[in-house]
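This is what each chain is made of:
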Amino acid sequence: MSIIEFEARAAAFPSAAETSLVSLHDVHLAFGQTEVLKGIDVEVKQGQAVSIIGPSGSGKSTILRCMTGLLRPQRGRIQVGGVRVDALKTASELIALRKRVGFVFQQYNLFPHLSVLENLTISPIKVGGLPRAEAEARARELLAKVRMEHKQNAYPGELSGGQQQRVAIARALALRPELILFDEVTSALDPEMVGEVLTVIRELVQDGLTCVLVTHEMRFAEEISDVVYFTEAGRIVESGPPARLFGAPASERTRAFLQRAVGATPLRDAAPDPIQTYLHIDPLRLAV
Amino acid sequence: MANDLVLPTRRSGATRLWLPAVLRDPWLALLLALAALNLAWAATGTAPAAVQALWHWWPALLRGLAMNIQISVLAMALGTLAGLVVGAVSLSPSPLLRRLTRAYVLLFRNAPILVLVYFTTYVFPFELALGGWRLPFPDWLKVVIGLGLPASANVAEIFRGAIQSIPSAQWEAAQSLAFRRAQIFRMIVLPQCLRRMLPSWMNLYASITMSTSLASLVGVHDLVDAATVASNTVSRTDFTILVYFTLLALFFAYCYPIARWTRYLERRHEHY
Amino acid sequence: MFESALQAWVGFFKPLGLNYGFVLDAGELSAFGRGLWVTLQLCAWTIPVSLLFGVLIAAGLTSGRAWLARPLQAFVEVTRNTPTLVQLYCAFLVLNMLITQKLGGGSPIAPFAWVVIVVALHKGVFHAEALRAGIEAVPEVTMEAARSLAFSRRQILTQVQLPLAVRFALPALVNNLVDLVKMTAIASAIAVGDVTYESIMIWSYRDNVLELLLLILMYFGLLTWLVGLVGKWLEERLRMPGYGQ
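Residues numbered from 1 in each chain as written. Chains lettered and ligands numbered in written order. Predicted model: local features only at pLDDT ≥ 70, side-chain atom pairs only at ≥ 80, totals over all residues. Heavy atoms only, no water.

1. What to know about the interface of chain C and chain B
Quick reminder of the rule: The contact definition used throughout considers only heavy atoms, calling two residues in contact when any of these lie within 4.5 Å. Values labelled buried area give the accessible surface lost by two parts on being combined, using a 1.4 Å probe and summing over both. For salt bridges, the criterion is a side-chain nitrogen of Lys or Arg within 4 Å of an Asp or Glu carboxyl oxygen. The term polar contact refers here to a pair of N or O atoms within 3.5 Å; inside protein, the definition further demands a hydrogen-donor-capable atom paired with an acceptor-capable atom, and it admits residues adjacent in sequence only when both atoms are side-chain atoms.
On the chain B side, the residues contacting the 34 residues of chain C number 31 residues. Looking only at chain C, the three residues that lose the most surface to chain B are C:N81, C:K182 and C:L217, adding up to 18% of its buried area. For the interface between chain C and chain B, the tally reads one salt bridge. Counting across the chain C and chain B interface gives three residue pairs in polar contact (both at pLDDT 80 or more).

2. Considering the side chain of C:T142
For clarity, the threshold we go by: Secondary structure elements are taken from DSSP: a helix is a run of H or I of four residues or more, a strand is a run of E of two residues or more, and numbering for both begins at the N terminus. Buried, partly exposed and exposed residues are distinguished by accessible area as a fraction of the type maximum, computed with a 1.4 Å probe on protein chains only: under 20%, between the cut-offs, and over 50%, respectively.
Looking at the element boundaries, C:T142 is found in helix α6 (residues 140-148). With a relative accessible area of 5%, C:T142 lands in the buried category. The contact partners of C:T142, leaving out residues within four places of it in the chain, are A:F111, C:V160 and C:L164.

3. Notes on the interface of chain A and chain C
Under the convention used in this document: Note on residue categories: nonpolar means Ala, Val, Leu, Ile, Met, Phe, Trp, Tyr, Cys or Pro, charged means Asp, Glu, Lys or Arg, and polar means any other residue, Gly included.
Across the boundary between the two partners, chain A contributes 21 residues, which contact 22 residues of chain C. Both faces combined, the contact of chain A with chain C buries some 2,000 Å², and carbon together with sulfur accounts for 68% of it. When the buried surface of chain A facing chain C is broken down by residue, A:F111, A:P112 and A:H113 rank first, second and third, together holding 28% of it. In this structure, C:E144 engages A:R65 in a salt bridge whose closest nitrogen and oxygen atoms are separated by 2.7 Å. In terms of residue count, helix α4 (residues 116-126) of chain A provides more of the side of chain A that touches chain C than any other element does, three residues in total. Residues of the side of chain A that touches chain C, tallied by class, amount to eleven nonpolar, four polar and six charged.

4. Observations regarding the pattern of salt bridges
Tallying each qualifying case throughout the model produces 27 salt bridges over all chains. Two residues, B:R236 and B:D238, come together in a salt bridge whose shortest N-O distance is 3.0 Å. The partner of C:K123 in a salt bridge is C:D179, with the nearest N and O atoms 3.6 Å apart. Of the two residues, C:K123 sits in helix α5 (residues 111-136) while C:D179 sits in helix α7 (residues 153-183), which places them 56 residues apart along the sequence. A cluster of three or more residues bridged by salt bridges with shared partners is formed by A:R65, A:D183 and C:E144.

5. Some remarks on a nonpolar patch on the surface
Residues and elements named next belong to chain B. Note the cut-off: Like charges within 9 Å and nonpolar side chains (Val, Leu, Ile, Met, Phe, Trp, Tyr) within 5 Å are joined into patches, using only residues over 30% in relative accessible area that form no salt bridge. For accessible areas, the Shrake-Rupley method is used with a probe of radius 1.4 Å. Any residue's cover is judged against the shown protein chains and nothing else.
Taken together, the side chains of L128, L130, W133 and L135 present a nonpolar region at the surface, about 440 Å² in accessible area. Listed by contribution, the elements that provide at least two residues to the nonpolar patch are β1 (127-130) and β2 (133-136). Mapped onto the elements of the fold, L130 is located in strand β1.

6. As for the sheet that holds strand β9 (residues 227-232) of chain A
Residue and element names in this part refer to chain A. Under the convention used in this document: Following DSSP output, two strands are said to pair if at least two bridges run between them. The axes are straight lines fitted to the C-alpha atoms, using for helices just the contacting stretch, and the angles between their N-to-C directions are given from 0 to 180°.
Taking strand neighbours across the sheet as the criterion, the six strands line up as β6-β7-β8-β3-β9-β10 in an open arrangement whose pairing is mixed. Both outer strands of the open sheet, β6 (101-104) and β10 (235-240), are each paired with one neighbouring strand and no more. Across this sheet, the average inter-strand angle for adjacent strands is 15 degrees, counted without regard to direction. Bridge analysis of β6 against strand β7 (residues 179-183) gives four bridges, and the strand direction is parallel. Looking at the pairing, G102 lines up with I180 of β7.

7. Regarding the sheet that holds strand β4 (residues 75-80) of chain A
Residues and elements named next belong to chain A. Strand order in this open sheet of four strands is β2-β1-β4-β5, and the pairing throughout is antiparallel. Each having just a single partner strand, β2 (34-45) and β5 (83-84) make up the two edges of the open sheet. With two bridges joining them, β4 and β5 adopt antiparallel strand pairing. From the neighbouring strand, V80 faces β5, where its bridge partner is V83.

Coordinates in, geometry out; function isn't part of it.
Below is the structure:
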């Protein structure tokens, strides 16, 4: 192992001294007889952007839902912001957790009977106890951030998918969470709308908000992440900084997935063929 | 994109007696229990007086129920034939015909059934004079017509709804296969329509059957009338309670299986 | 003035073969007027009570508690599969009689109240079915979104589930209410003085069944039209713009 790789590894698994906002340790979760998570270890530091990639059914969304207490594991330790999530029992404890963790869904899930502004103010008012004027001011600020302030009185049914998703992101930010989770938020969008949503997420990451993304947008994940986790069949196969995971994946399965996911073209220059390097063979010349 | 979320959990542990759904129904168990109780009473001769009176009146009650069933079947037959005609006319290209059928349907769906039954009973003559013949026009037949009218209006609506629920894409597909309009109707649209109409039609039949109880208010000797007569004749409090709840139970015994079968058909044809 | 209007009315219909002479008799006219008023009162009472029963029954059915849901389910099945008239008889002729006997004469529940209770319960069952379908039509993902926004169970119910369930169930509820208005005619069977009963009294004396039935049909038509109108207004108010596209 070279010194560069060692330092990269150390960066991915922080020591106890650094603030770890989320940590999952040996999490097992099964639905009935089906095991979905078979021993997951995830670590997210304060201010980091972490991406989770992998084939469908590998348990990515389940990991996110465990972080906010929407699903409960059979075994393992989940710690979010100093709170043992897997040990939470009462509804009020879960509610206290969810005030600190924002969640954005694949299917936007805006409330169809409320206008955009009402969608954003309902949680701060009913849960946060904010007065209406303050909640609305905060909501307008967030809408400006996602560039949807001109649609504050529209209803979700009147918006496009990309617009609804941006409002959903603003809604998740309404309670000023410490952590925000994105569950395949661009998968249900038409291609031309994906860009506007990714722009919003990029800005949030640049602002220093701790984000965990489950995504199929490989290039985007490579661009903004500090750490990338690759899951398959309920286990973390590989994790590390995006440069290494996308450029020179250690595991064969990661490589196979990336090839399938991004087509045959690798994101970065793949590791050079060792035979070519050794024999100094230039494939172009050979073709002559 | 597959969102690996909540997979259905199988309830582990509980073993279930393998019986078809019909036999596991608690109402059937109740019926069998009551039958067994009656047998026990009959065998030992220890039936309470009210129950013995009920056994005495049982044939009369069943004759009354037969009258209700007779009325409901005929009313439904009449209503279905008339309703299919009205429904077909309501889809006609002529705006006048469409408006007429709409008025017909509106009238008979918004009128209280009791009022319609009074209408046909009191307004029609009590006997018909056709040519030289004088035919008695029995009350129950008038109730049949009185119930057949709202039945036809409902069948017309059900039929129209079923035809319109066939996606136009199917009409287009059939036309592109060089079928004529009548052929499309007969071979593709109609079979699907009939399947879609069936649950609503059966719901309507159950509702018409329950409306036949109104016949007792215009002097028809149906089940309700039989129960009232029995109660007034025997004139015992416990018998009155028993006979009226038996009345409830008899209607239930007829209508509940229909409702169950309807639900079964709905589930089976969900994907059509 | 009123007298002459009535005279004109009678005179107008006479050549058509319709005898509206009863309106000229003060006693019969006021009896008919009372009947109209009683029917209106029946509707005014039964509609809100049936909606209340509907909400209670729906809450019980979806509560997830077997000791509550099972008996309610049995009650729902019995009510849906037996005629309202028979239910009314069971309530009035049997239960009322028992109460009268227990209290030694004079049941505190008037026949009018019995009609309201029985019809409201009968239609309440149908309301409950519609509301239950509405509650189940709220997408699970919307509930999940509400949970992720730190709503408590009660807040999810009142802020998300109920508003959406009512909007989904509204057409069915309005249909049920139209049926309910028509069902109040059944009150005549236990001698409650609604418009049908008063008409029976009048026509058994004057034999003008057709004329009275036409009036009754128009009156019920008016009432059902009003209910439909209120339903449409509510549907407009609670509209979710762009939903379902």
